[in-house]
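Chain residues, written in single-letter form:
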Amino acid sequence: MSELLFVNACVRGERSRTLALARHFLSEYAKIHPEVTVTERDLMADRLEPQYPEVLARRDELWNAGKLDDPSFAPARQFAGADSIVIAAPFWDLSYPAILKIYLERISVCDITFGYDADGNSVGLSRAEKLLLITTRGGNFSLPETEWMESGARHLKALCAMYGIPSFQLLCAEGLDDVRNDKAALLAQAMGEAETLAASF
Ligand SMILES: Cc1cc2nc3c(=O)[nH]c(=O)nc-3n(C[C@H](O)[C@H](O)[C@H](O)COP(=O)(O)O)c2cc1C
């Protein structure tokens, strides 16, 4: 059975527009792909510790001892083993909330999600064929004059290359906090895009 890993970084919980968009995508996806198991990793519940010196020292100690089966590496093993991945995270400070960065640091483990071949070249070790980022943004960061500032989707796309995940996709509603925009219409449009994407993802 195939597994989709859903990483929930929507800090505002049930009030989150990003989470509403992600839940709509996942419910449409489940209708079309009943054979796929969806496993949620809720980063608010996880409360993963940042890599403070003692956390990193412990990780290095375990890694150097070859103990990649230690429970602290479980998030990395889960990520590496998923068949497809959906990350939902609001756009914060031009990227995403810190809890997602903590998670990404936790799963970026050499010899689990990525590694190096005998010639020293970086190789991705993650099984997933595709990763979808679902986000909502207050402003519009797809315009020619603002697109360069966007650092969330850009970072995740680069990480996909490192992890060996060939396809990165983005589902985004933006301009939601711009008083000139019809927020409900923008969100409804993104919900429609979620339905189309659920069929092809
Ligand atoms: C802490 C914080 C930082 C934010 N930073 C940005 C930003 O840099 N650019 C932007 O366009 N919107 C920013 N926003 C607005 C959010 O991207 C927007 O309201 C989004 O829809 C929130 O998603 P949510 O409803 O899932 O929480 C920020 C919001 C918060 C709470």
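For every chain, the first residue of the written sequence is number 1, and numbering continues from 1 onward in sequence order. Local features are withheld for residues below a pLDDT of 70 in this predicted model, meaning they are given only at 70 or higher, and side-chain atom pairs are given and counted only at 80 or more; totals for whole chains, interfaces and linings count all residues. To obtain the side-chain values, all non-hydrogen atoms of the structure were included, while hydrogens and water were left out.

### As for the overall build of the chain
Short version of the rule: Note on conventions: DSSP H or I runs of at least 4 residues are helices, E runs of at least 2 residues are strands, and numbering of each starts at the N terminus. Each radius of gyration is computed over the set of C-alpha atoms, and the globule rule expresses the reference value as 2.2 Å times the number of residues to the power 0.38. Working definition: with a 1.4 Å probe on protein chains only, accessible area under 20% of the residue-type maximum means buried, over 50% means exposed, and in between means partly exposed. We call two residues contacting when some pair of their heavy atoms lies within 4.5 Å. Using the Shrake-Rupley algorithm and a 1.4 Å probe, accessible areas are obtained, with residue cover drawn only from the displayed protein chains. Within this scheme the basic residues Lys and Arg register as positive and the acidic residues Asp and Glu register as negative, but His and the chain ends are omitted. A charged residue contributes its charge at one atom only: NZ of Lys, CZ of Arg, CG of Asp or CD of Glu.
Looking only at helices and strands, the chain features seven helices and seven strands. Taking 2.2 N^0.38 as the reference for a compact globule, 201 residues should give roughly 17 Å; the C-alpha atoms of the chain span a radius of gyration of 17 Å, in line with that estimate. Principal-axis analysis of the C-alpha atoms gives the chain an extent of 55 × 40 × 35 Å. Residues classed as buried in the chain amount to 45% of the 201 residues present. Taking the contacts inside the chain whose residues are at least 6 apart along the sequence as the reference set, 77% of them involve residues at least 24 apart. Counting every atom, the chain has about 10200 Å² of accessible surface; 54% of that belongs to carbon and sulfur. On the chain, the mean spot of the 20 positive side-chain charges and the mean spot of the 29 negative ones are 3 Å from each other.

### Digging into the packing of aromatic side chains
What counts, and what does not: Stacked, tilted and edge-to-face are the three classes assigned to paired rings of Phe, Tyr and Trp, where Trp is represented by its six-membered ring and a pair needs centres within 6.5 Å; plane angles under 30 degrees give stacked, over 60 edge-to-face, the rest tilted. Two conditions define a charge sitting above a ring: the NZ of Lys or the CZ of Arg must be within 6 Å of the ring centre, and it must be within 35 degrees of the ring normal.
A complete count under the given rule lists seven aromatic pairs for this structure. Consider the rings of phenylalanine 25 and tyrosine 29, whose centres lie 5.9 Å apart with planes at 25°: the pair is stacked. In this pair, phenylalanine 25 and tyrosine 29 both sit in helix α1 (residues 17-32), four residues apart, roughly one turn of the helix. Exposure class is identical for phenylalanine 25 and tyrosine 29. Each is buried. Three or more aromatic residues joined by ring pairs make a cluster, and in this case those are Phe25, Tyr29 and Phe201. Above the ring of phenylalanine 201, the side-chain terminus of lysine 130 is found at 5.1 Å from the ring centroid.

### Some remarks on the packing of helix α4 (residues 74-81) against helix α5 (residues 98-107)
What counts here: Only C-alpha atoms enter the line fits that serve as axes; for helices the fit covers just the stretch in contact. Angles between N-to-C directions range over 0 to 180 degrees. For this classification, under 35 degrees means roughly parallel, over 145 means roughly antiparallel, 65 to 115 means roughly perpendicular, and everything else is oblique. Classification convention: Asp, Glu, Lys, Arg as charged; Ala, Val, Leu, Ile, Met, Phe, Trp, Tyr, Cys, Pro as nonpolar; all other residues, Gly among them, as polar.
The interhelical angle for the contact between α4 and α5, taken along N-to-C directions, is 85°, at an axis separation of 8 Å. Relative to α5, the element α4 is oriented roughly perpendicular. When α4 is examined against α5, the residues Pro75, Ala76 and Phe79 are found in contact with a partner set consisting of Tyr103, Arg106 and Ile107. Among the residues forming the contact of α4 with α5, the class breakdown is five nonpolar, no polar and one charged.

### Side note on the site of the ligand
In plain terms, the rule: Whether a residue is near a molecule or strand depends on its heavy atoms: it is near if one of them lies within 4 Å of it. Whenever a nitrogen or oxygen atom comes within 3.5 Å of another N or O atom, the pair is scored as a polar contact, on the condition that within protein one atom can donate a hydrogen and the other can accept it, and that pairs from neighbouring residues in sequence are kept only if both atoms are in side chains.
Around the ligand, the structure places 15 residues, and the nearest of them are Arg12, Ser16, Thr18, Phe91 and Asp177. In this structure, an oxygen atom belonging to the ligand sits 2.6 Å away from a side-chain N or O atom of threonine 18. Glycine 138 is positioned with one of its backbone polar atoms (N or O) 3.2 Å from an oxygen atom of the ligand. Burial of the ligand by the protein amounts to 75% of the accessible area it has alone, namely 640 Å². For the shell around the ligand, the residue count by class is five nonpolar, five polar and five charged.

### Quick word on empty space enclosed by the protein
Where we set the bar: Of the grid points, spaced at 1 Å and generated over the protein atoms alone, those admitting a 1.4 Å probe that cannot get out make up cavities, while open sets with protein on both sides within 12 Å along at least five of seven lines make up pockets; any residue with an atom within 4 Å of a point is treated as lining. Grid points are joined across faces, edges and corners, and a volume is the space filled by probe spheres set on the points.
Scanning the entire structure with this criterion turns up one cavity of 30 Å³ or more. Its boundaries defined by the atoms lining it, the largest cavity holds a volume of some 40 Å³. As for the largest cavity, its lining consists of Ala89, Pro90, Phe91, Ser95, Tyr96, Leu133, Thr135, Arg137, Glu150, Gly152 and Ala153. Those elements that provide at least two residues to the lining of the largest cavity are β6 (130-136) and α6 (152-163). Class assignment for the residues of the lining of the largest cavity results in six nonpolar, three polar and two charged.

### Section: the sheet that holds β6
Put simply, the test is: Strand pairing follows a simple DSSP-based rule, namely that at least 2 bridges must link the two strands.
Here we have five strands laid out as an open sheet, ordered β2-β1-β3-β6-β7, and parallel in their pairing. Each edge of the open sheet is held by one strand with a lone partner, namely β2 (37-42) and β7 (167-173). Across the sheet, the mean angle separating the axes of adjacent strands is 15° when strand polarity is ignored. Relative to β7, β6 runs parallel, the two being bridged by seven bridges. Looking across to β7, one finds that threonine 136 is bridged to alanine 173.

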